[in-house]
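Inside the fold
The residues making up each chain are set out below.
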Amino acid sequence: MRAASLANYFIAGCAASSLLGWIASLHPMSFRAIAFLAAASFILWGLCWLLDFSVSSWLKISVQNLQALLLASLAAAIVGAGVYLCS
């Protein structure tokens, strides 16, 4: 995976998680829905780390690329949580 495409995935993830954090700060019902989405995505994220060899063969990418995507998604989620906490 090229560094430019990984950076693009990171920027898109930051934008999406920031938008979801901002929407969650607007209304309590949207907070519950986005908290459910965040919990489900972290469960899937953890399963991808545990099952990285089978997930990488299913996605037809290398394990190193999958781990790079998982680290980029973690960093994007941290940025989105920061936006939620600051708004």
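Starting afresh in each chain, residues are numbered from 1 along the sequence in its written order. This being a predicted model, a pLDDT of at least 70 is required before a residue's local features are given, and a value of 80 or more before pairs of side-chain atoms are given or counted; all residues contribute to the totals for chains, interfaces and linings. As a rule here, side-chain values come from all non-hydrogen atoms in the structure, and water together with hydrogens is ignored.

What the protein chain contains, in helices and strands, is 4 helices and 0 strands. Along the protein chain, helices (α) and strands (β) appear in the sequence α-α-α-α when read from the amino end. Dimensions of the protein chain, computed from C-alpha atoms along their principal axes, come out at roughly 40 × 25 × 15 Å. Three labels apply to residues, based on accessible area from a 1.4 Å probe with only protein chains included: buried if under 20% of the type maximum, exposed if over 50%, partly exposed otherwise in between. Across the 87 residues that make up the protein chain, the buried fraction comes to 20%. Taking as baseline every contact in the protein chain between residues at least 6 positions apart, the subset at least 24 positions apart corresponds to 57%. Per-residue accessibility takes into account occlusion by the displayed protein chains alone, with areas from the Shrake-Rupley method and a 1.4 Å probe. Entry remark: accessible area of the protein chain is about 6000 Å², with carbon and sulfur atoms responsible for 77%. Starting at the N terminus, helices and strands are each numbered in turn, a helix being any DSSP run of H or I of at least four residues and a strand any DSSP run of E of at least two. Should any heavy atoms of two residues lie within 4.5 Å, those residues are counted as being in contact.

Within helix α3 (residues 52-59), the full set of buried residues consists of Asp 52, Val 55 and Ser 56. For α3, the angular spread of buried residues about the axis comes to 100 degrees, placing them on one side. Within α3, the exposed residues directed more than 90 degrees away from the buried face are Phe 53, Ser 57 and Trp 58. Among the structural elements, α2 (28-50) and α4 (63-86) are those in contact with the buried residues of α3. Count one or two residues on from α3 and you reach Lys 60, which has phi positive near 60 degrees. This arc corresponds to the set of directions leading from the helix axis out to the C-beta atoms.

None of the figures reported here should be taken as evidence of function without further support.
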